[in-house]
Amino acid sequence: MSQEIAHSERQRDEDVLIQVRDLKTYYGSEQLIGGRPVKAVDGVNFEISRGETLGLVGESGCGKTTLGRTLLQLETPTAGEIRFDGTDITTLRGYELKEWRRNAQMVFQDPDSSLNQRMTVGEIVREPLDVYEWKTPQQRRQRVRELLDTVGLKREHYYRYPHQFSGGQRQRVGIARTLTLEPEFIVLDEPVSALDVSVQAEVINLLERLQDEFGLTYLFIAHDLSVVRHISDRVAVMYLGNIMEIGPTEELFTDPANPYTRSLLSAIPAPDPTSQKERVHLRGTPPNPRYPPSGCPFRTRCPVRIRPEEYEQLDEEIWDSLNRLEEILEERRRSRGAVDRFREKVGLDTRYATAAEIREELFEPLAVPDQVESVLDDVSAEIEAGDEMAAIEVLQAEFRTVCGSEKPSHHTVSDSGRTSYCHRHRDEHRDPKTAFEERT
Amino acid sequence: MAVEQEVEPTASQSEAILEVRNLQTAFYTDRETIRAVDGVSFDVVPGRTVGIVGESGSGKSVTARSLMRLIDSPGQILQGSSIRFTERGTVRAFAEKFPKRTVDVGKLADKHDPAVLLERPDVDANPRTFGKRDAAEVGLAEILAAGYADDLGIIDDTDCVFVTEGSTDDPTAGFVEVTRTSGEAKRLMRGGRIGMIFQDPLTSLNPVYTVGNQIKESLRLHQGLRGKKATEEAATLLRAVGIPDARRRLKEYPHQFSGGMRQRAVIAMALACEPEVLICDEPTTALDVTIQAQILDLLEEVQEERDLGIIFITHDMGVIADITHRVNVMYAGEIVETAGVEQLFANPKHPYTQGLLRSIPGQQAGEKLETIDGQVPTPNEKATDCRFAPRCPKAFEDCEKVHPESVSVDEADVDHTAACLLYPEELSRADAVEYHRQRGADE
């Protein structure tokens, strides 16, 4: 019953402050020619309404910080557009860009490295005013004192240095600095991760108060999901440069549609020792963003990946071992250097285990059906021949499905316009929730 | 004369393999003395996990480092502290290896009466130092362990193995006093009996050696394995902690591992020494939740397999709820509340614990979060008041004058204690204050 939509084109009123279309930010390749770029942000679409808090969550390395920095034009996007109040800011240059930047500010994770230890708190907070030559110096000082008040510091803190403050207070200084030019939009990059719970609560309360007072719009980046749940109106879940699911907070937390969201949420330890929550086990780490998997970015770790029909009944553990086999081969293919190749050619011992050893490690105690066994024989032959690429191809030819061959698209999964990036929302497959129930 | 056993109310007492008693660790600088750990007591039981939770600066990590004897100058574990390793196999092994440093407490007790010893002017201790009211209740072993015997001159400086039952040749009960170990005994205890993993795995991994070499080093030092055998064992260990393609991984360097893999490798290194107790100091704080879940599962798995006693230090209440069986809540160097994990979450008694639990961003969006104003103080002197009083919403006048002692706060569970003047609940406030004053004055 899910329906496909081209651009998650939810027509909201003119209340939309930020509109992001097919945004991509790639980092340069290692080699001069022909290298592969790191696809930190790989085509995302979303909107943020005025006065809203959009939470952005994901594991480290998923591209959430890059996305935040790109929105502020601290990174140059490779493709796509960012409309801020209707203007495409990716085209702004020089004076226009500087003027626009008044509207958008950033709070960083670590106040130690984002505050200059040699400047007084007053100078730090005043610096943006100096840069934009705002009114007279006297008025600037006055404004800074008011701001210190606003964020819960004392006016006489003007002449103190950052090291004289606690972590929570330093984060308040960082927040005061972002407010100087009365921005509309603030990117908060893990603003409370470095703080203790009780201090964290204070800073969160402050951020919420400021939002009400000044009508601010937040992009709140964090890996702590309970904080995000508390502060966000809507949440976007990122994985390997893609938004996997985006929608209203409570709905997303209580009834996650995307397999990744479901896995991520189930990994949070609840502060309740009696909870009998069944954890979804995600194995391994996210793949290298320089070599993202084909098709769906999450397919290598997905607990409910679509399987070929003839293998539907295959044992869970065998699937697990097959996945690991592919991972090992993939990793070897990339890490094998010229020296290794040479040693192999002349028959010296290499640091790699033989095909037989790998098979023993992965499949030894399992009852592998003949059909799979014969595929493994072919794979082994290719490994012995030293061609991991061919081995991977043999594996994929046998076990690949739509998850590996096609990129999914965003499907609307609820009335509120929440969308999820997964093949399982298509009519011909069972949806992720049913699939989870079946496989556990 | 029989040697007294510990009478502290711990249900698990008989099974404990590590008993920490009145641990005090201070740092002396020109400007001030910092009493980072100030009288901490708890037990570690095999197959169970005891959590230590608190804000930064509460003394969690110093406690862990004290157990590992990793406190360097200007830090010092103070006299009166005792860390007793009571696991029988260890006591036996140590008694055999260090016969000259082994003391038969029974024989010594025939010559010395603890009550008389405590009366001597050159001893700076009284029954309260050991949590007892009466000198008759204090055991000789306790006086020896806490380091007062040196003053008395009845044992040698280097003595660290104390046999309380059986002979020194065939001990059936006793303990190794960790605070008294030195040289070889200290090295065997650290790592070999008590292992530790740190928050940042890179601090425990040497970047210029392969992971395999580092695991093999542990195997050589603590199990005497070398060559092919060591390599085999190292690969088995890596597999056991869930690292695939172990043989290749052994030849890789730490930078080639991902964060979660590194923490797994460090756990493998700690396990290589086959410790009885594993201290985990915020091992998952730097990791993503998905990886954290993997590491917590792994720890539970190895705990079950090896019957490990785990001390788990964290500031994350979610992790505490997930992995621990018992929890100690620390504040400014003291344990302010201790209870079984379910008890603590269901029925927190100390105002600090209550505040800590309430400031966790809840399951519901919208409402304002409760906060605990102010910061953890740095304790410079022995406490004469409640260190939490300035931040406590329930504080009253006496909180600044009387130091709260740990009292049982739950009739159903004697093991649930809190150090707060509001308890014991059945007494009137004035009586409760008087009760704490009395117990404090004994000291």
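Analysis parameters
- Residues numbered from 1 in each chain as written.
- Chains lettered and ligands numbered in written order.
- Predicted model: local features only at pLDDT ≥ 70, side-chain atom pairs only at ≥ 80, totals over all residues.
- Heavy atoms only, no water.
- 1 Å grid on protein atoms, 1.4 Å probe; cavity = no way out; pocket = protein on both sides within 12 Å on 5 of 7 lines; lining within 4 Å.
- Points joined across faces, edges and corners; volume = space filled by probe spheres on them.
- Helix = DSSP H or I, 4+ residues; strand = E, 2+ residues; numbered from the N terminus.
- Nonpolar A, V, L, I, M, F, W, Y, C, P; charged D, E, K, R; others polar.
- Pairing = 2+ DSSP bridges.
- Axes fitted to C-alpha atoms, helices over the stretch in contact; angles between N-to-C directions.
- Contact = heavy atoms within 4.5 Å.
- Core = buried A, V, L, I, M, F, W, Y, C linked by side-chain atoms within 4.5 Å.
- Buried < 20%, exposed > 50% of the residue type's maximum accessible area, 1.4 Å probe, protein only.
- Buried area = accessible area lost by both parts, 1.4 Å probe.
- Salt bridge = Lys/Arg side-chain N within 4 Å of Asp/Glu carboxyl O.
- Polar contact = N/O pair within 3.5 Å; in protein donor to acceptor, adjacent residues only side chain to side chain.
- pLDDT = per-residue confidence, 0-100.

### Quick look at empty space enclosed by the protein
All names here are of chain A. Tallied over the entire structure, the rule returns nine cavities of 30 Å³ or more. When its volume is computed, the largest cavity comes out at roughly 150 Å³. What lines the largest cavity is a set of 14 residues, and nearest its centre among them are Arg299, Arg305, Glu326, Phe399 and Arg400. Ranked by the residues each element gives to the lining of the largest cavity, the list is headed by helix 11 (residues 316-335), at four residues. Across the lining of the largest cavity, the residue classes break down as six nonpolar, four polar and four charged. What the second largest cavity holds in volume is close to 100 Å³. In this structure, the second largest cavity is lined by 15 residues; those nearest its centre are Pro259, Cys296, Phe298, Cys302 and Cys422. Tallied by class, the residues present in the lining of the second largest cavity amount to ten nonpolar, two polar and three charged.

### Some words on the sheet that holds strand 11 (residues 309-314) of chain B
Residues and elements named next belong to chain B. Taken in spatial order, the eight strands line up as 9-10-11-3-12-13-15-14 in an open sheet, and their pairing is mixed. Edge positions in the sheet fall to strand 9 (194-197) and strand 14 (406-408), since each has one partner strand and no second. On average, each strand axis in the sheet is tilted by 20° relative to the strand beside it, whichever way the strands run. Where strand 9 lies against strand 10 (residues 277-281), four bridges are found, and the strand directions are parallel. Bridged to Met196 within strand 10 is Ile279. Each of strand 12 (326-331) and strand 13 (334-340) is contacted by helix 16 (residues 351-358), which is oriented at about 100° to strand 12, the strand it contacts most.

### What about the nonpolar core?
Grouped together as the largest cluster of nonpolar side chains are 64 residues, with contacts concentrated most on A:Ile175 and A:Phe220. Sort the elements by how many residues they give to this core and helix 7 (residues 197-214) of chain A lands first, with seven residues. Among all residues touching A:Ile175, those that are not within four sequence positions of it are A:Val107, A:Val151, A:Val203, A:Leu206, A:Leu207 and A:Leu210. Grouped together as the second largest cluster of nonpolar side chains are 39 residues, B:Ala265, B:Leu278, B:Ile291 and B:Leu308 included.

### Some thoughts on the sheet that holds strand 6 (residues 87-88) of chain A
Residue and element names in this part refer to chain A. Sheet architecture is open: four strands sit in the order 3-2-5-6, paired in antiparallel fashion. Each of the sheet's edge strands pairs with one partner strand only, and the pair in question is strand 3 (38-49) and strand 6. Judged from the five bridges that link them, strand 2 (residues 16-27) and strand 5 (residues 79-84) form a sheet pairing that is antiparallel. Note on strand 5: the bridge partner recorded for Lys24 is Ala79.

### Quick notes on the interface of chain A and chain B
Each side of the interface is counted separately: chain A has 47 residues, and chain B has 49 residues. Carbon and sulfur atoms make up 52% of the area that chain A and chain B hide from each other, which totals about 4,100 Å². At the surface where chain A touches chain B, the tally comes to one salt bridge. Across the pair B:Arg247 and A:Glu357 runs a salt bridge, and its minimum N-O distance is 2.7 Å.

### Some points on the side chain of B:Ser66
All names here are of chain B. Looking at where Ser66 falls in the secondary structure, it is placed in helix 1 (residues 60-67). In terms of polar contacts, Ser66 uses its side chain to reach the side chain of Thr25, at 2.8 Å. Within the structure, the side chain of Ser66 is placed 2.7 Å from the backbone oxygen of Val62, a separation counted as a polar contact.

### Side note on the environment of B:Arg69
All names here are of chain B. Relative to the assigned elements, Arg69 resides in the loop between helix 1 and strand 4 (75-77). Arg69 sits 110 residues away from Thr179 along the chain, and the two C-alpha atoms are 7.2 Å apart. Each residue touching Arg69, except ones within four places of it in the same chain, is listed here: Ile77, Val178, Thr179, Arg180, Thr181, Lys186 and Arg190.

### Some thoughts on the confidence of the model for chain A
Taken residue by residue, chain A gives an average pLDDT of 87. The fraction at 70 or more is 91%. When the criterion is pLDDT under 50, residues 1-12 of chain A qualifies, and its contacts beyond four places in sequence or with other chains add up to 28 contacts.

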